[in-house]
Amino acid sequence: MRESLWKSVLQLRQKSPLVHNITNYVVMNNTANALLAAGASPIMAHAHAEIEEMVSICGATVINIGTLDEYWIESMYKAAAKAQQLGKSWVLDPVGAGASNLRNTTVAELLKYRPTVIRGNASEIMALANAGGQTKGVDSTHQSVEAIASAKWLNENTGAVVCISGATDVIISANQKILIDNGHVMMTKVTGLGCTATALIGAFVASEPDNITEATTAAMALLGIAGGIAVQQSEGPGSLQMHLLDKLYNITEDEFNTHLKVTIKND
């Protein structure tokens, strides 16, 4: 897989897939710009009257529960149901799962529509699997490796590839555990980079629907590598946002392969 991850990046740029996002107010601009920089085409749409059409024309749908309200919750249900009906990929980001009953009941319902990929921090993944995780707002109070058992449970019970974000990103599929050690701690000082990761996963699975594990790995590797390089050019979180977008756009094969830190373990 390691050798083919860069091919996934090139394929995304070539295909420029449409990615439908029902995401939160905080990150809409960030995620749309990141998708454009990486080579995809974002659509932000949550109106009930157009949800099913948007799911139908896009390569994948991303559902992010960061700023929930009742109207958007119904939009999410409609989108997930349509994606399942059409056999299209959709990605769930359970932002703040475990922090409120509203979030817990919403993600429990969304899981019934069998997401293609679930991406969250360790606390969110543990809460999603009802494994006793506690959240501190939308930040993780656990390390990614602590959530592996929960991720395996989710994979077995929903069929989703599960990505746990952290200092080490962990990707769990039916027969593999993949560890990615890219990125930088400064990235935690920019709001919504986890949401950006989820949006990029949506783009990669739209581009590569027949290999969800590899698509998820390529998305997380790209963001981590681009972020790590961008930090070297940045004085703080403000300039990091700018340099990260630039690097998502202009990263080279040599930069990608030189910085890639991935470990693949077959179960």
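Scroll up to find the structure.
Note that the structure is a prediction, hence the values are computed from the model and not measured. (Residues numbered from 1 in each chain as written. Predicted model: local features only at pLDDT ≥ 70, side-chain atom pairs only at ≥ 80, totals over all residues. Heavy atoms only, no water.)

Remarks on the nonpolar core
- By size, the foremost hydrophobic cluster in this structure holds 51 residues, and its most contacted members are F204, V205, L248 and F256.
- Counting only elements with at least two residues in this core, the list comes to α1 (5–15), α2 (28–38), β3 (60–64), β8 (161–165), β10 (176–180), α8 (193–207), α9 (212–232) and α10 (237–250).
- If we skip the residues at most four places from it in the chain, L248 touches R13, A34, A37, A38, L200, L222, L223 and A226.
- The next biggest cluster of nonpolar side chains, apart from the first, holds 38 residues, and it includes M76, W90, Y113 and L179. (Core = buried A, V, L, I, M, F, W, Y, C linked by side-chain atoms within 4.5 Å. Buried < 20%, exposed > 50% of the residue type's maximum accessible area, 1.4 Å probe, protein only. Helix = DSSP H or I, 4+ residues; strand = E, 2+ residues; numbered from the N terminus. Contact = heavy atoms within 4.5 Å.)

Some remarks on empty space enclosed by the protein
- All chains considered together, the criterion is met by one cavity of 30 Å³ or more.
- Estimated volume of the largest cavity: approximately 30 Å³.
- Around the largest cavity sit N21, T23, T31, V62, N64, C195, T198 and A199, which together line it.
- Listing elements by their share of the lining of the largest cavity, those giving two or more residues are β3 and α8. (1 Å grid on protein atoms, 1.4 Å probe; cavity = no way out; pocket = protein on both sides within 12 Å on 5 of 7 lines; lining within 4 Å. Points joined across faces, edges and corners; volume = space filled by probe spheres on them.)

Some details on helix α5 (residues 101–111)
- For α5, the set of buried residues is R103, T106, V107, L110 and L111. When α5 is viewed along its axis, its buried side chains cluster within an angular range of 135 degrees and face the same direction.
- Here the buried face of α5 lies against β3, α4 (70–86), β4 (89–93), β5 (117–121), α6 (122–128) and α7 (148–158). (Arc of directions from axis to C-beta.)

What to know about the pattern of salt bridges
- Tallied over the full model, the rule gives three salt bridges.
- A salt bridge links K247 to E255; the shortest N-O distance between them is 3.0 Å. (Salt bridge = Lys/Arg side-chain N within 4 Å of Asp/Glu carboxyl O.)

Section: the pairing of strand β9 (residues 169–172)
- Residues D169 and I171 of β9 are buried on one face, and the alternating residues V170 and I172, pointing to the opposite face, are buried as well.
- Connecting β8 to the next strand, β9, in antiparallel fashion are three residues.
- Pairing of β9 with β10, which is carried by four bridges, proceeds in the antiparallel orientation. Across the sheet, the residue bridging to I172 is K177, located in β10. (Pairing = 2+ DSSP bridges.)

A short note on the pairing of strand β2 (residues 41–44)
- As paired elements, strand β1 (residues 18–22) and β2 share four bridges and run parallel to each other. Across the sheet, the residue bridging to L18 is S41, located in β2.

Some remarks on the packing of aromatic side chains
- One pass over the structure, following the stated rule, counts two aromatic pairs.
- Ring centres 5.5 Å apart and planes at 50 degrees place the aromatic pair W6 and F256 in the tilted group. Here W6 is found in helix α1, whereas its partner F256 is found in helix α11 (residues 253–259), with 250 residues between them in sequence. Per residue, the accessibility class of W6 equals that of F256, and both read buried. (Phe/Tyr/Trp six-rings, centres within 6.5 Å; stacked < 30°, edge-to-face > 60°.)

Digging into the side chain of T116
- Looking at the element boundaries, T116 is found in the loop between α5 and β5.
- Those residues in contact with T116 that sit more than four places away from it in its chain are K88, S89, W90, A160, V161 and I212.

Some remarks on unusual backbone geometry
- Of note in the backbone geometry, S16 takes a positive phi value of approximately 45 degrees without being a glycine.
- Topologically, S16 is positioned in the loop between α1 and β1.
- Overall, the relative accessible area of 30% leaves S16 in the partly exposed class.
- Phi is positive for R114, which is not a glycine, with a value near 50 degrees.
- Along the chain, R114 falls in the loop between α5 and β5.

Examining the packing of α9 against α10
- Put simply, α9 and α10 touch, their axes get as near as 8 Å, and they point 130 degrees apart. Relative to α10, the element α9 is oriented oblique. The two elements α9 and α10 meet at a crossing, and its hand is right-handed. Here L222, L223, A226, G227, I229, A230 and V231 of α9 lie close against α10, whose contacting residues are L240, H243, L244, K247 and L248.
- Looking at the contact of α9 with α10 residue by residue, the class counts come to nine nonpolar, two polar and one charged. (Axes fitted to C-alpha atoms, helices over the stretch in contact; angles between N-to-C directions. Parallel < 35°, antiparallel > 145°, perpendicular 65-115°, else oblique. Left-handed = near helix turned anticlockwise from the far one by under 90°. Nonpolar A, V, L, I, M, F, W, Y, C, P; charged D, E, K, R; others polar.)

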